[in-house]
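# Descriptive analysis of the structure
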Amino acid sequence: MGEEHQVSSSYWLETAPDGHHPALDGDLDVDVAVIGAGIAGLSTAWELTRAGRSVAVLEAGRVAAGVTGHTTAKVTALHTLVYDKLRRTRGPEGARLYARSQSEAIGHAARIAEELGVDCEWETRSAYTYARDPGRVAELRAETEAAAEAGLPASFVTETGLPFPVAGAVEVTGQAQFHPRKYLLALAADLVERGGRIFEDTTVLGLDEGEPCRLSTATGATVRARDVVVATHYPIFDRALLFARLSTRRELVVAGTIPAGQDPDGMFITPDEDTRSVRTAPLEGDRRLLIVTGEHFTPGTSDPRARLERLTAWATGHFPDLEVTHRWATQDTEPTDTVPMVGPLHPGARHAYVATGFGGWGMTGGIMAGRLLTAQITGEECEWSGLYDPRRLKTAVREAPALLKTQAKVAGHFVGDRLRPSPPVESLPPGEGAVVRADGHRVAVYRDEDGGFHAVSARCTHLGCLVDFNAAERAWECPCHGSRFDTDGKVIQGPATKPLEQRDL
């Protein structure tokens, strides 16, 4: 399979220095333990350290190398088409609180970057939600009105810097874009300098919500903390049943260089065409990095190679001078009732908190979550605590059709995927994988480029759905809740915390 059909590493991971933190090798006592070192986890840990708390960050992989390391890194409060819906489902006050909390996150990040003196390529840009279909103009006008009513500097426009005409667009000025990994590595360094601790390659397996809370890890170490924050993108603990209110999607990214004069000068997104998102980033000389995102799909349900080809063709078709240098993929977690879940982990939680469901807008969402959770842990008031409270029930009931649809999909995979026909192992070409039957069990088999077979259980270690092979990224993916594993069964992405079991063919 050609290189153009394969995913490589992200631009952000390639172009930021890779700091290293040790694995936890002994028991530890802290005020707060934060699980996950993406933007939500690191922002929370940094804020808590500034508030005088002793903090330990526990990361299963590397700092800012998971979902945050694969984002498009738009720092904006314009989240496609959210405000008209919020105005209808949460009322004008709910929409206003959402806009204010997200907008304040932008300003807060700008101040942090300036205070720490980090060159994270911060650029102020307008954000646009556009449509090429004239039939969506009324929808865009309604979104403009709702966003402006919520307090954003929003206006309806028909002209943009894109290299093609649009029927209309919502424009919000004064938004931003940055290099997320450079920003977060600086945050991590400052956190450590102020006494915080970060542990990489440390997988958390269990949580006992006593006083203090106790976290068990794959290294055998125990962490005792008064408070625990679960910031693993998708929660790794199921006691809150949040998995019933979350759905997961992957999205492909194509990036490369264009002449600086062809920069569309803004951050753009459309819900049409299976989503198309466009922004640029600075490069040396007279070129810019163009980043195009789209073609979203549920993990483990689609061959991404054809989607990657379509996205590449769209990018090069509209930007003919594009020289593609990177292809990667990102993963987003969507709440069934629109708004992220940030706050107590479950109705009975006293010292356990969660941040999840950012729906593709994790930059402002993660920064907002850091401030909100810090306020809750330190006993301060926060105006939008109720809006993001994971324990909310009214909106979950009101938007029950979305919840039921999500669960129907999960049930369909749990049953239907076990009825799929099984190809013969010998038919697998090098570089491909498939789920086959062996001794009455479903086995996930990958054939490497040398012809060798790698066999693991096809049963996801999270809740037991069957995985499927993603040929573009050479990974096993669970379609139910988005867990991902490498070809030898090692966890790449949760909520699973344990590897796929090894199998013999």
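To start, this report covers the structure provided alongside it. (Residues numbered from 1 in each chain as written. Predicted model: local features only at pLDDT ≥ 70, side-chain atom pairs only at ≥ 80, totals over all residues. Heavy atoms only, no water.)

Regarding its fold elements, the chain presents eleven helices and 24 strands. The 505 residues of the chain split such that 60% are buried. When the accessible area of the chain is evaluated, it comes to approximately 19400 Å², of which 50% is carbon and sulfur surface. Counting 53 positive and 69 negative side-chain charges, the chain places the averaged centre of each group 5 Å from the other. (Helix = DSSP H or I, 4+ residues; strand = E, 2+ residues; numbered from the N terminus. Buried < 20%, exposed > 50% of the residue type's maximum accessible area, 1.4 Å probe, protein only. Areas by Shrake-Rupley, 256 points an atom, 1.4 Å probe, with all protein chains shown as cover. Lys, Arg positive; Asp, Glu negative; His and termini not counted. Charge placed at Lys NZ, Arg CZ, Asp CG, Glu CD.)

A few words now on the environment of T89. Considering the arrangement of structural elements, one finds T89 in helix α3 (residues 83–89). With 162 residues separating them along the chain, T89 and E251 place their C-alpha atoms 27 Å apart.

So, on to helix α6 (residues 180–193). Over its 14 residues, α6 runs 20 Å from end to end, which matches the ideal 20 Å to within 8%, given 1.5 Å per residue. With ten of 14 residues buried, α6 is to be regarded as a mostly interior element. Looking at α6, one finds that the buried residues are P180, R181, Y183, L184, L185, A186, L187, A188, D190 and L191. Looking at the buried residues of α6, the elements they touch are α1 (11–14), α2 (39–50), β2 (55–58), α4 (91–116), β7 (197–199) and α8 (362–378). Of the residues one or two after α6, G195 is the one with positive phi, at around 105 degrees. (Expected span 1.5 Å × (residues − 1). Contact = heavy atoms within 4.5 Å.)

With that settled, consider the packing of aromatic side chains. Within the structure shown, the criterion is met by ten aromatic pairs. Ring centres of Y83 and Y98 lie 5.7 Å apart, and the angle between their planes is 75 degrees; on these two criteria the pair is classed as edge-to-face. A residue pair is termed long-range when its members are at least 10 positions apart, and Y83 in helix α3 and Y98 in helix α4 qualify at 15 residues. Taken as a pair, Y83 and Y98 share a single burial class, namely buried. Ring centres of Y130 and F164 lie 5.9 Å apart, and the angle between their planes is 50 degrees; on these two criteria the pair is classed as tilted. With Y130 in strand β4 (residues 123–131) and F164 in the loop between β5 (154–157) and β6 (168–177), the pair connects residues that are 34 residues apart, well separated along the chain. By way of ring pairs, the aromatic residues Y83, Y98 and Y388 are connected into one cluster. Of note, R132 hangs over the ring of F164, and the distance from its end group to the ring centre comes to 4.2 Å. Between R141 and the ring centre of F156, over which it is positioned, the NZ or CZ distance is 4.0 Å. (Phe/Tyr/Trp six-rings, centres within 6.5 Å; stacked < 30°, edge-to-face > 60°. Lys NZ or Arg CZ within 6 Å of the ring centre and 35° of its normal.)

A few words on the packing of α4 against α6. Two elements in contact, α4 and α6, have axes whose closest approach is 11 Å; the angle formed by their N-to-C orientations is 65 degrees. As for how α4 packs across α6, the hand of that crossing is left-handed. For the pair α4 and α6, the contacting residues are A109, I112, A113 and L116 in the first and Y183, A186, L187 and D190 in the second. Grouping the amino acids of the contact of α4 with α6 by side-chain chemistry returns seven nonpolar, no polar and one charged. (Axes fitted to C-alpha atoms, helices over the stretch in contact; angles between N-to-C directions. Left-handed = near helix turned anticlockwise from the far one by under 90°. Nonpolar A, V, L, I, M, F, W, Y, C, P; charged D, E, K, R; others polar.)

Across the sheet, four strands lie side by side as β21-β22-β23-β24; this open sheet has antiparallel pairing. Single-partner strands in this sheet number two, and they are β21 (468–470) and β24 (491–493). For strand β23 (residues 484–485) and β24, the ladder comprises two bridges, and the chain directions are antiparallel. Looking across to β24, one finds that R484 is bridged to Q493. (Pairing = 2+ DSSP bridges.)

A few words on the layout of surface pockets. By volume, the second largest pocket amounts to about 260 Å³. As for the second largest pocket, its lining consists of 17 residues, and the residues nearest its centre are E47, R371, L372, A375 and E380. Those elements that place two or more of their residues in the lining of the second largest pocket are α2, α4 and α8. The greatest single-element share of the lining of the second largest pocket, amounting to seven residues, is contributed by α8. (1 Å grid on protein atoms, 1.4 Å probe; cavity = no way out; pocket = protein on both sides within 12 Å on 5 of 7 lines; lining within 4 Å. Points joined across faces, edges and corners; volume = space filled by probe spheres on them.)

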